[in-house]
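Tertiary structure, described
This is what each chain is made of:
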Amino acid sequence: MVDSLQGWVPDVLGGGYQQRTLHLDQDDEGQVVTTLVRAAAPAPWPRLRGTARLTDVVYVHGWSDYFFQKELADFWRERGARFYAVDLRKYGRSLREGQTPGYIEDLTVYDADIEAALAAIGHGAGQKTSRKLVLMGHSTGGLVLTLWAARHPNRASSLILNSPWLELQTREIGRIAFAPMNTTLVRLGRKTAYPQIDKGMYTRSLHKHFGGEWEYDMEWKPEQSFAIYPGWLNAIIRGHQSVARGLGLTIPVLIMLSKRSVFRTTWDESMRHSDTVLSVEGVANRAKDVGECVTLVRLTGALHDVFLSEKLVRDHAYQQLDRWIRSYL
């Protein structure tokens, strides 16, 4: 349930950004909240023709992540949209002391987070609005929103996915082989962490401290990703299995991916121009199972978050997104 008494307060991003804490139910780790962020101030340049007028965009971050992409918000506001972002329970602004970062055991629990956010902006179940709802998700957030849209048809008008985690890095054959072992480990210890395999390569391609372009809170988006537990991974695998069976979405879907993946245990400069998190070929292959109207864009030189790639690449990504908006919004 939403705490309707909690209002908007200044956000850590500054510059007119605001946040609102939405209180949900408790789980075995205590009180759970989700945080809604909005870009409240006017866009820093005049709006163009308003290709996204009367549109509300709701963005959901990826794994071991939170919302900090102000450039993305500006893109949408320039086109007349209202932009909102959600920090899901146990991520970023919503992480509370004593909670396991990012931990859930069923992706459907995020229905409560999403519904709370949508109700707060006038798109809740049963609320009437003339404004379009566009859902935009990155990585794990893309998986969460894709499954939510399939379970809640006719709520969103379109879905935009930035490197969505639609399949395991080992692709389908690896997922099928690995799933039974993970299920066994869930029974033995759902919160017994797997060994950390993230060497911080993605962070090195992003953060200014390591030669990247971006500054963000490394407590909320750490150098090495959150610990991975069998209970959590079981939820992800079940989500991937649902996608593989076919979701049948009828709304327009845009999927944006890097042209290639690079997986290495030591640093290589090619990692600044590739997806070092997901198998882009596995995701691209799974795109056909999302719905009936799916546009797939492959971007040479893109990072895992295509809108955090180097400027030339992300400018091209924004051009592609703008062209898609003009076609479908």
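Every chain begins its residue count from 1, and numbering advances along the sequence as written. In view of the model being predicted, local features appear only for residues whose pLDDT reaches at least 70, and side-chain atom pairs are presented and counted only at 80 or more, with totals across whole chains, interfaces and linings using the full set of residues. Hydrogens and water are ignored here; the side-chain numbers use all heavy atoms of the structure.

1. Observations regarding unusual backbone geometry
Backbone geometry follows two general trends: most residues other than glycine have a negative phi, and most peptide bonds adopt the trans configuration. Although it is not a glycine, Ser64 sits at a positive phi angle of roughly 55°. By the element assignment, Ser64 lies in the loop between β4 (55–60) and α1 (70–78). In this structure Ser64 comes out as buried when scored by relative accessible area, which is 5%. Positive phi, close to 50°, is recorded for Ser163, a residue that is not glycine. Only protein chains enter the accessibility calculation, which uses a 1.4 Å probe; a residue is then buried when its area is under 20% of its type maximum, exposed when over 50%, and partly exposed in between. Looking at Ser163, the relative accessible area reads 0%, which means it is buried. For the purposes of this entry, the term helix denotes a DSSP run of H or I that reaches at least four residues, the term strand denotes a run of E that reaches at least two, and both are numbered from the N terminus.

2. Describing the pairing of strand β5 (residues 82–87)
Counted residue by residue, β5 has five buried out of six residues, so it is predominantly covered. Where strand β3 (residues 30–39) lies against β5, four bridges are found, and the strand directions are antiparallel. In the sheet register, Val37 faces β5, and the bridge partner there is Ala85. In short, DSSP must find at least two bridges between two strands for them to pair. Taken together, the five bridges between β4 and β5 define a ladder with parallel strand orientation. Paired with Val58 across the bridge in β5 is Tyr84. By convention, orient the strands away from the viewer: a clockwise path from the first strand over the helix to the second makes the crossover right-handed. Running through α1, the crossover from β4 to the neighbouring parallel element β5 is right-handed.

3. Points about the pattern of salt bridges
A pair is scored as a salt bridge if a Lys or Arg side-chain nitrogen falls within 4 Å of a carboxyl oxygen belonging to Asp or Glu. Overall, the coordinates contain 26 salt bridges when judged by the stated rule. In this structure, Arg190 and Glu105 form a salt bridge, with 2.4 Å as the shortest nitrogen-oxygen distance. Here Arg190 is found in the loop between α4 (171–189) and α5 (201–206), whereas its partner Glu105 is found in the loop between β5 and α2 (110–120), with 85 residues between them in sequence.

4. So, the packing of aromatic side chains
Aromatic ring pairs are described here by two measures, namely the spacing of the ring centres and the angle between the planes. Two rings belonging to Phe, Tyr or Trp (six-membered ring only in the last case) form a pair when the distance between their centres is within 6.5 Å. Interplanar angles under 30 degrees mark stacking, angles over 60 mark edge-to-face geometry, and anything in between is tilted. Tallied over the entire structure, the rule returns 17 aromatic pairs. Through a chain of ring-to-ring contacts, three or more aromatic side chains come together here, namely Trp63, Tyr91, Trp165, Phe226 and Trp232. Any Lys NZ or Arg CZ found within 6 Å of a ring centre and within 35 degrees of that ring's normal is scored as a charge over the ring. The lysine or arginine in question, Lys191, covers the ring of Tyr103, its NZ or CZ lying 4.7 Å from the ring centre.

5. Structural notes on the side chain of Ser309
Counting through the fold element by element, Ser309 comes out in the loop between β9 (294–299) and α8 (311–328). Its relative accessible area of 1% is what places Ser309 among the buried residues. Definition of a polar contact: a pair of N or O atoms within 3.5 Å, with one able to donate and the other able to accept a hydrogen when the atoms are protein atoms, and with sequence-neighbouring residues admitted only if both atoms are side-chain atoms. Engagement of the side chain of Ser309 in a polar contact is seen with the backbone oxygen of Val306, the distance being 2.9 Å. Residues within four places of Ser309 in sequence aside, it is in contact with Glu213, Trp214, Gly301, Ala302, Leu303 and Arg314. Contacts: residue pairs with any heavy atoms within 4.5 Å of one another.

6. Focus: the nonpolar core
In this structure, Val58, Leu107, Leu135, Leu159, Trp232 and Ile255 are the most contacted members of the largest nonpolar core, which totals 55 residues. The contacts of Val58, once residues within four sequence positions are left out, are Tyr84, Val86, Leu118, Ile121, Leu133, Val134, Leu135, Met136 and Leu145. For the purposes of this section, nonpolar cores are sets of buried Ala, Val, Leu, Ile, Met, Phe, Trp, Tyr and Cys residues that join through side-chain atoms within 4.5 Å. Among the nonpolar cores identified, the runner-up in size contains 40 residues, and Val57, Phe68, Leu299 and Leu308 belong to it.

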